[in-house]
Each structure stands twice: as C-alpha cells, then as structure tokens.
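Below are the chains, spelled out letter by letter.
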Amino acid sequence: MPSKVMKIGIVCPYGWDAPGGVQAHIRDLSEYLINAGHVVSVLAPAVDEELLPSYVVSAGKPIAIPYNGAVARILFGPIAFARVRQWISQGDFDVLHLHEPAIPSLSLLACWAAEGPMVGTFHAASKKQKAIYAIGPILEPVIEKLSARIAVSEAARSTLTDHLETDAIVIPNGIYASKFAAGKQKEEWGGNSLGFIGRFDEPRKGLSVLLDALAQVAKSIPDLRVLVAGPGDSEEVLEGIDLQLRKRITFLGRLSEEEKADFLSSVAIYVAPNTGGESFGIILAEAMAAGTACVASDIPAFVSLLGDGRWGALFTSEDSADLALSLITLLQDDEVRLNLAQAGQIHAEVFDWDNVASQIISVYEMATVGGRRVRLASDSRPWNRFISREAK
Amino acid sequence: MKTSFVIVLLTLLFLWYLSFSATRLDRLHLRVETSWANLDGLLQRRAAVALELAHSEMADPASSLLLTAAAYQAREAQISVRSLAESGLSGALGLLQNDLGQEIHPAEAALLKELSDLTEKIRVAIAFHVDAVSRTRLVRQKLIFKLFRLAGRAPLPVTYEFEDDVL
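Residues numbered from 1 in each chain as written. Chains lettered and ligands numbered in written order. Predicted model: local features only at pLDDT ≥ 70, side-chain atom pairs only at ≥ 80, totals over all residues.

> Just to check I follow, could you spell out the overall build of chain A for this structure?
Within chain A, the secondary structure is distributed over 16 helices and 17 strands. For chain A, whose C-alpha radius of gyration is 23 Å, the value lies close to the compact-globule estimate of 21 Å for 392 residues. The dimensions of chain A, computed from C-alpha atoms along their principal axes, are 80 × 45 × 40 Å. Per-residue burial for chain A yields a buried fraction of 48% across its 392 residues. (Helix = DSSP H or I, 4+ residues; strand = E, 2+ residues; numbered from the N terminus. Rg over C-alpha atoms; globule rule 2.2 N^0.38 Å. Buried ≥ 20, exposed ≤ 12 C-beta atoms within 10 Å, placed from the backbone.)

Shown next, in the form of structure tokens:
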C-alpha cells in the first residue's frame, strides 16, 4: 500500500477507442495506480460510452482532425469545456495529470479551467510546428500553471524547450518488462529472422528501408526471413520487390498482446527503420525487454532510447546499405548479437512500470506539497465569485 | 455615443487583462513557494540522514566530524548561501560513499538507500524549482507587469544556484 492514498485525475486528449501510444500509456498508468491503492479517474473523449472501463469518464465524442501528419481524434468546444469543469469540481482531486496539454483538446481545456497541483506530460516530438509557434503566446499563461512537466524522451524534452521555452524532467513511457521477458520462443518465427511491427504502409515507419536492404543481406545470410506484423496492405508494399526476395517476407497481420511478446522473443533481430515522427519508440523497449537484439535508425528518439548504441545497434536513417551492413554483422556473429540483446534486456528494467510509476508518483507528491487541492480557477476570481451561478 | 461605448469596452477589456495578468503572476509566486517548500523539505531530510550516517559505525571519526559540520551548516544556512552549504554536504557525503570498503550493516544499508532515493528526488525538485523561479522572473520582466506593479510587494524569487554534478 502507498504511504499516502491520492485522488488523481488524468486527462487524455485523444479518443479512448482509437489505438495509440498516449492512450495505452494512460491505460497502463491508471491501472498501475489503481492496483497500488490510489483513486484514479480518467477523462477522455470516447465514441462508445458502454465500452469504457469503470475508471474512465467520457467527455463526449471526439472529432477527427488532421494534425501533425496523422489523424488526431480530439475534442474541444463549449460543451466539452462544461464537462471538463464539471468533472474537476466533482472530482475533488489531489492532483491533475494532463497529457499533451499543448494540443487543442481536453487537456488544454482542463489546464485552463483548473487551479492547483497539476502535472503535464508531453509525448510529442517534432522538429517544427509553426502552429505551436503562432499560438505560443496564448498557450504560455496556460502551460505555466503546470507545477511539473514531464517529457517522455529527450526528443520530446527538446521540442518543449524549443517551442514553449520551458524545461521538463524526462520520465520514459512504461512497459510491463516481465511480460515480455516471459515471451515463449516459437520455432515458426525463429532462425535468422528479422521482426517488424507497425502500420507498415505508413512511409514514416520505414519498412521500405528494410526491404531495400534485403537483397544485400540475403547474399551473406542464405536463410534470412522477414516477419512483418501489423495492419496494412501487403500487396502494395510487395510491388517492385524482386520475386526471389518476396518469399522471404511473411505478413502476419495484427498480433495480440501475448503473441507480440512471443514474437519479440522469437525473432533474431527486431528492426525499427522509422524515418521520423517517433517520440519514444515503446516497441524497442518491449523488444529489449524480450531479450532480442534491436537495430534502429538513428533518429533522436531511438538514439536516446538505445543509449547511443549501447543497448541496440543504430544505422544512418533511410540508408539501406548501412542497415544491411549492421544486420549482417549481427547475424553472422552470434556472440555479438547475444551480448547486445543481454545488455538491452538489463537496461529495459528502466522502462518497467514499477520503476516508471514510482517516479511519476514522486512527481505527484512534489506537486502536492502544501496540501492544496485541485479547484476550478474561476472560483478564486472575485467577480466570478460575485456573479457565478454556481455560487452556493 | 458609439465612440464612448468603444472606449468603455476597451477599458473594461484592459482591466480584465490586468486582473488576468495579476492572477497569473500570483499563481507563479505560489508555484515558486510550493517548489521551494518541497525542495527545502527534501534537503532537511537529507541533512538528517547525513547526521544519522555521521553517528553510525560506518563513519570513521574524521569523516564523521566532517559530515556533522557540513550537515549543521546546511541546516542553518541563509537562503543566499544555502546552495553553497548544500554542495558542501553533497561533497562530504560523496567522500563517505566513495570509500565504503567493508561489509555494511543492514541498518546503514537502509540509510544509504534512503540517501540515494532522496538524492534522486532532490534532483527532480531542483529542476522544478529552477523552472518556476526562472519563469516567474521572466514574466516579471515584462513591461506591463513592471508598469502596473502587478507583483505588488512580493519579493523577486532568488535563483538557486545548484551544480547538478555535485549531487
């Protein structure tokens, strides 16, 4: 049991029903906190209120908007704002944890409406966002209400310092390391196999970089195979690939969570050839926890996740020849590969929820020193106290 | 008629903005206070742990004396020299931790564990406090805050010089 039970309100900016890294992070964190004895309420946009777990409160249906190169399911507007205010005033929280408060969605609304101990987590990392620059001055007074800022990676942190001139401490995303360490090695996925998980028809996931490297690797490694898991159109990807190489490539479709652990434990090397748009790379942490050697492109998020190559090999992003070289070295020398995998698995403990959640809880404790609780900001303004309809 | 209406509207808007800015600054001052209270508490706890370590069997007489002196200095320091005193304590603790040779008594191992947990927390607390202070100072430098003396009589928060590597 925790030394002090806290009442924590977490705000999720994206639609709860849609798959996504932020939602998964909030789900795991909430469940961890609840298991640790804390009281948690999550406010999130949701399409179907029936399907929500008991700790999630719906704020209404999300709107799909193209944002930052993908479709974001977010929610704002007067009705959503009223819901946020109601949730805050009824919740009587010790601390609010807002995810992505710089995005025009629920978290920003909550940051605007609330006052008191607030923690913000910034997930996104991107080089330039003109929109953010433009609304920076408006955002500033809102964001500065946060008593503590968390960035999920060094890349996310530098985005934050560039755009909003504010610093943050880095606490990585969490994984259940033991679940991946317990993955079973399956023969069908074993041998000299390269693993890839993700929506492979998105160019920024970089599957084409890996496929371009195949011909070169196959010359040195005759029994090379590539196993691709995840949703997408495989026909489109295979077009233009040499027929000889095609039979080495297997598409597995979407994997369940258990299958994913087995998959990551079975493949010889997990390859993350992403060309950008990645702020953390949770899948690499999971592959490391499963005890598999990783090879990743040298985009900032991966460089910091793999400790400059200490816990996994890096290749020059979008350079297939460099990737091929790195793969051949690792596949030909079992000892080097196993050592790398072992170093990665030991390091992956850092990302375990036990570790990550205790850091987050200690940030909550720091934000709540002084014993103030979360309240509506408007309550403390004199004229609102005077005219407010909510006055008791 | 119309112009006077516009003038009244603009004045009201400006007054609202002033009040909004004052609330904003007030909130920042509160944030500085909270983060300092937090940091101060953690530093006090560290000094207490240091004293306990100094009185344990782990410390030889010389380092015990050094540690005790540093811990008292850190506890009693004025805010302007606090960071210096705390760095001194960090140094003394570092010396002790560096020459841990023999096996350690479980009670002392627990103390050392508490110390390393505290150090981790202090590092985070410093980051929060520095951010709050620099943000507040930045806002107070803006023209409108100076012109209308929105800070009132609140003292300018002191930047707390910390060298990260001494921790």
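> What is the right way to look at the sheet that holds strand β9 (residues 148-151) of chain A in this model?
All names here are of chain A. Judged by pairing direction, the sheet is parallel, and its seven strands sit side by side in the order β3-β2-β1-β6-β8-β9-β10 without closing on themselves. Of all the strands in the sheet, just β3 (56-58) and β10 (169-170) have a single pairing partner and so form its edges. On top of the sheet, helix α3 (residues 106-113) reaches β1 (7-11), β2 (39-44), β6 (95-99) and β8 (118-122); it is set at about 145° to β6, its chief contact. Along the sheet, helix α5 (residues 154-164) makes contact with β8, β9 and β10, crossing β9 at roughly 130°. (Pairing = 2+ DSSP bridges. Contact = placed C-beta atoms within 7 Å. Axes fitted to C-alpha atoms, helices over the stretch in contact; angles between N-to-C directions.)

> How do you make sense of the environment of Arg375 of chain A when you look at a structure like this?
Residue and element names in this part refer to chain A. Along the chain, the position of Arg375 falls in strand β17 (residues 375-376). For Arg375, a count of 16 C-beta atoms within 10 Å puts it in the partly exposed group. Along the primary structure Arg375 and Gly91 are separated by 284 residues, whereas in three dimensions their C-alpha atoms are 9.1 Å apart. Excluding residues that lie within four positions of it along the chain, Arg375 makes contacts with Glu115 and Gly116.

> Looking at this structure, how should I read the interface of chain A and chain B?
A common measure of how large an interface is: the accessible area buried when the components associate. On the side of chain B, 16 residues touch chain A, which itself brings 14 residues to the contact. The leading source of residues in the side of chain A that touches chain B is helix α15 (residues 353-367) of chain A, at three residues. Of the residues in the side of chain A that touches chain B, the class split is six nonpolar, four polar and four charged. (Nonpolar A, V, L, I, M, F, W, Y, C, P; charged D, E, K, R; others polar.)

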